[in-house]
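Given next are the chains, with one letter for each unit.
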Amino acid sequence: MDSDEVVRNRILSDPEVVKELIGHFGAEVAGKDGGVDRSAVGIRVFSNEADLRWLESVVHPRLYGIWRTEFAAVANATWVVEVPLLFEKALENWFDFTVCVACSREQQLVRLEQRGLPRGLAGQRISSQLPLEKKIERSDFVLWNEGSPKFLEAAVDRLTKTLVSQS
């Protein structure tokens, strides 16, 4: 489960959430499609810590509720959950083990720019997170991701096979 995708497609498209965000941030965060202009929200929250905390107070409880519902619906399933703020929000105890997918800061910046984020904003987002060294220290496994998507996919497959053979 991709937590960013859940936030993007389920939470930030919820009319109640859209209304809350527009009420808090103003009409400039209203998207043309009736949803939220995530870019406008991002500019706002990554330059103002109080706004970021407020947004998290709206989004995170909803995200955790979706996790609980989905986990309970298929209780014996094996779940892989991508959580960008896993350690920052002390969520590691929700999971049996953690994997950090890491790359250099420069590679992070390049990838964020490729997704349309200006370098300055990309740097702000990276700086708002726990330093990579700390994430690596706290993770059970680390996959270094400087290569292609196929390279990362192969690394994930190897890790998965290792973990399955150990259980």
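See the structure shown above.
Residues numbered from 1 in each chain as written. Predicted model: local features only at pLDDT ≥ 70, side-chain atom pairs only at ≥ 80, totals over all residues. Heavy atoms only, no water.

Where do I start with helix α2 (residues 15-25) in this structure?
A turn of α-helix holds 3.6 residues, and therefore any two residues three or four places apart point the same way. Within the sequence span of α2, burial applies to Val17, Val18, Leu21 and Phe25. Buried residues along α2 cover an arc of 100 degrees about the axis, so they all sit on one side. Exposed side of α2, more than 90 degrees from the buried face: Pro15, Lys19 and Gly23 are the residues found there. On its buried side, α2 packs onto α1 (3-11), α3 (38-45) and α4 (49-73). In this structure Asp14 caps α2, since a side-chain oxygen of it lies 2.7 Å from the backbone nitrogen of Glu16. Looking one or two residues past α2, Gly26 carries a phi angle of roughly 100 degrees, positive in sign. (Buried < 20%, exposed > 50% of the residue type's maximum accessible area, 1.4 Å probe, protein only. Helix = DSSP H or I, 4+ residues; strand = E, 2+ residues; numbered from the N terminus. Arc of directions from axis to C-beta. Contact = heavy atoms within 4.5 Å. Polar contact = N/O pair within 3.5 Å; in protein donor to acceptor, adjacent residues only side chain to side chain.)

Explain the side chain of Asp51 to me, please; I cannot follow it from the model alone.
Tracing the chain through its elements places Asp51 in helix α4. Assessed through its relative accessible area of 8%, Asp51 is described here as buried. Within polar-contact distance, the side chain of Asp51 engages the side chain of His24 at 3.3 Å. Leaving out residues up to four positions away in the same chain, Asp51 has contacts with His24, Phe25, Arg44 and Val45.

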